[in-house]
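Reading the structure
The residues making up each chain are set out below.
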Amino acid sequence: MPTELPIDSAAAMRQFGVEFAARLRPGDSVLLHGDLGAGKTTFTQGVAEGLGVQGAVQSPTFTLVREHEGREMRLYHLDLYRLDDPDELENIGYETYLDPPDGVSLIEWPERAGDWLPGAFWLIRIEHLGGDRRMLEIQRYGEDSA
Amino acid sequence: MRILGIETSCDETAAAVVEDGEVVLSNVISSQIALHRVHGGVVPELAARGQITAILPVVEAALAEAACEINDIDAIAVTNRPGLVGSLLVGVNAAKAFAWSTGKPFISVNHLEGHVHANWLHRANEPAPDLPFPVVCLLVSGGHTELLLMTSHHDYALLGQTIDDAAGEAFDKGSRLLGLGYPGGPAIQRASEGGDPAAFAFPRSQLGDSFDFSFSGLKTSLLRQVDHYRLPDDRPKQTGAIFPEHRPPIYRDDLPLADLAASYEAAIVEVLASKAMRTVEATGARSLLLAGGVAANRKLRERISDIAPEDITVHWPPFEYCTDNAAMIAGRAWHLARRGEFGDLTTDAFPKGAIAHANNT
């Protein structure tokens, strides 16, 4: 069953990102599902802060992927928003980001990837309830989810 | 010196012939924008595949339009950074093949430096722009929001950039939230006609005295405004799917579209213009240049012209040199060639591209 978490501000979303980063290990993938303005960027900024990434977390919408150096591991930040056909992922070497040995992958718009999903992953769904209110659903998928 | 330029860093396939860095003899762009409009964005692999089939006809067209043959060309230039690697490689490999088969020198060019250089381009029957150094350039497009300082054609420095979304991306995403089309800049500009730019107080993120930009909060603020006009969604909740479909919100008929578009555009324009002017003041620059696709925004041009002091030269390139093109690459390459900065067959393509001449004085 997914864990539900109500969020009522951008600051709370970022703080959740910081806390969530603490449970991430190299090879982990996090899929972020939420519409435009749901708070994916804010969550990602929190994760980056939690991993000790210095400097800006520029949107990967245009470049598809941006890499950041954290304290102990890298953050691979992907955004598949501009993708239409999952087969196009082959072109960016997408499979190397699915369970990176030296870091974690955070994938926005994972629904554009079709079947190209990691073997195991965290899925965070963000539903915008109106105003500043969001409902998060956090669930672990894959072989060790039991 | 006549240089053939090739540009394939993102969605365009372009080739151009430019004489002595400034005089454009030809500028051919095989725009794939019609294809992308169907998909609501640039699709990288689609771009790379289209570019492979387009590259030779585009180069041939550029040579023909310049009324010359490959043997009349003195050097071959290509964008090799930054961009989508799959797309960049199409141009880099084509340029290397031309250079190798003809024995001509090969020059690799930074896309951002090319955009800035677009300001110096002109046709043979047009006057050469007089742009005194130091120069500050505001480069704004779908993937870029940068403030660059040039003290000469050989000294570039990056002063500021976006810490989250690019200005063009803010237009694209705002356009989608308002249910308008792609690309977002022109769509919002059209929708804003007759709208009141002061109707909604969208945030103008200045980030203190920094020359950096932030546009992510603006998008969220627009979402908060349109939210007031959102009708309750009584469609049954989708169950079972890992990724439930995002259903576009339904708005009331009285959604003030023109006011929202005008206010949103005004917020982006105000931050870009005021920050560019502050950079000019802080650096003592004598010219302020615009570059990139968003430089075509009419309100941005008007605002910058309004607030720039009379002794500052304000300039932007004609539209065909604002969006991705190869003339800017061939033009920029001339300055590299004059300094003997040539590449060779080992030159690679890179997704990131630091400004080559930053702080090397």
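Structure report, in brief.

What counts, and at which threshold
Residues numbered from 1 in each chain as written. Chains lettered and ligands numbered in written order. Predicted model: local features only at pLDDT ≥ 70, side-chain atom pairs only at ≥ 80, totals over all residues. Heavy atoms only, no water. Helix = DSSP H or I, 4+ residues; strand = E, 2+ residues; numbered from the N terminus. Rg over C-alpha atoms; globule rule 2.2 N^0.38 Å. Contact = heavy atoms within 4.5 Å. Areas by Shrake-Rupley, 256 points an atom, 1.4 Å probe, with all protein chains shown as cover. Patch = residues over 30% accessible without salt bridge, like charges linked within 9 Å, V, L, I, M, F, W, Y side chains within 5 Å. Salt bridge = Lys/Arg side-chain N within 4 Å of Asp/Glu carboxyl O. Lys, Arg positive; Asp, Glu negative; His and termini not counted. Charge placed at Lys NZ, Arg CZ, Asp CG, Glu CD. Phe/Tyr/Trp six-rings, centres within 6.5 Å; stacked < 30°, edge-to-face > 60°. Buried < 20%, exposed > 50% of the residue type's maximum accessible area, 1.4 Å probe, protein only. Core = buried A, V, L, I, M, F, W, Y, C linked by side-chain atoms within 4.5 Å. Expected span 1.5 Å × (residues − 1). Axes fitted to C-alpha atoms, helices over the stretch in contact; angles between N-to-C directions. Parallel < 35°, antiparallel > 145°, perpendicular 65-115°, else oblique. Left-handed = near helix turned anticlockwise from the far one by under 90°. Nonpolar A, V, L, I, M, F, W, Y, C, P; charged D, E, K, R; others polar. Pairing = 2+ DSSP bridges.

**Digging into the overall build of chain B**
- From N to C terminus, chain B includes 11 helices and 10 strands.
- A compact globule built from 361 residues would reach a C-alpha radius of gyration of about 21 Å, and chain B, at 21 Å, matches this within 12%.
- Along the three orthogonal principal directions, the C-alpha set of chain B runs to about 70 × 55 × 35 Å.
- Contacts in chain B between residues far apart in sequence, at least 24 positions, make up 74% of those at least 6 positions apart.
- Put simply, chain B shows about 14400 Å² of open surface, and 53% of that area lies on carbon and sulfur atoms.

**Remarks on a negative patch on the surface**
- Residues D20(B), E69(B), D72(B) and D74(B) make up a contiguous surface patch of negative charge.
- As for its position among the elements, D72(B) is in the loop between helix 2 (44–65) and strand 4 (75–81).

**Brief notes about the packing of aromatic side chains**
Residues and elements named next belong to chain A.
- According to the stated counting rule, one finds 11 aromatic pairs over all chains in the structure shown.
- A ring pair is formed by F20 and W122, whose centres lie 5.4 Å apart and whose planes are at 80°; its orientation type is edge-to-face. Here W122 lies in strand 6 (residues 121–130) and F20 lies in helix 1 (residues 10–21), a separation of 102 residues in the sequence. Like F20, the residue W122 is buried in the burial classification.
- Here F121 and Y141 contribute two aromatic rings whose centre-to-centre distance is 5.2 Å and whose plane-to-plane angle is 10°, an arrangement assigned as stacked. Here the residue F121 occupies a position in strand 6, and Y141 occupies one in strand 7 (residues 133–141), the gap between them amounting to 20 residues.

**A word on the nonpolar core**
All names here are of chain B.
- Residues L138, F215, I268, L272 and L300 are the most contacted members of the largest nonpolar core, which totals 64 residues.
- A total of 12 residues in this core trace back to one element, the largest contributor, which is helix 8 (residues 257–283).
- In terms of nonpolar packing, the next biggest core, distinct from the first, is built from 25 residues, A15, I76, V90 and A95 among them.

**Observations regarding helix 3 (residues 85–102) of chain B**
All names here are of chain B.
- Over its 18 residues, helix 3 extends 25 Å from the first C-alpha to the last, a length consistent with the 26 Å expected when each residue adds 1.5 Å.
- All of the buried residues in helix 3 are G86, S87, L88, V90, G91, V92, A94, A95, K96, F98 and A99.
- Just downstream of helix 3, G103 is the residue with a positive phi angle, here 75°.

**Concerning the packing of helix 5 (residues 167–177) of chain B against helix 7 (residues 216–227) of chain B**
Residue and element names in this part refer to chain B.
- Packing of helix 5 against helix 7 brings their axes to within 10 Å, and their N-to-C directions diverge by 15°. Taken as axis vectors, helix 5 and helix 7 run roughly parallel relative to one another. The element helix 5 and its partner helix 7 pack so that their crossing is right-handed. Note on element contacts: helix 7 touches helix 5 through K219, L222 and L223, opposite K173, G174 and L177.
- Residues that form the contact of helix 5 with helix 7 fall into these classes: three nonpolar, one polar and two charged.

**A short note on the pairing of strand 2 (residues 13–19) of chain B**
All names here are of chain B.
- In terms of burial, strand 2 is a largely internal element, six of the seven residues being buried.
- Bridge analysis of strand 1 (residues 2–7) against strand 2 gives six bridges, and the strand direction is antiparallel. Residue E7 lies in a different strand from strand 2, and its bridge partner there is A14.
- With seven bridges joining them, strand 2 and strand 3 (residues 23–30) adopt antiparallel strand pairing. In the strand pairing of strand 3, A14 is matched with I29.
- Taken together, strand 2 and the strand that follows it, strand 3, pair antiparallel across an intervening segment of three residues, in which D20 is found at a positive phi of about 50°.

Read these as layout, nothing more, since geometry by itself doesn't imply function.
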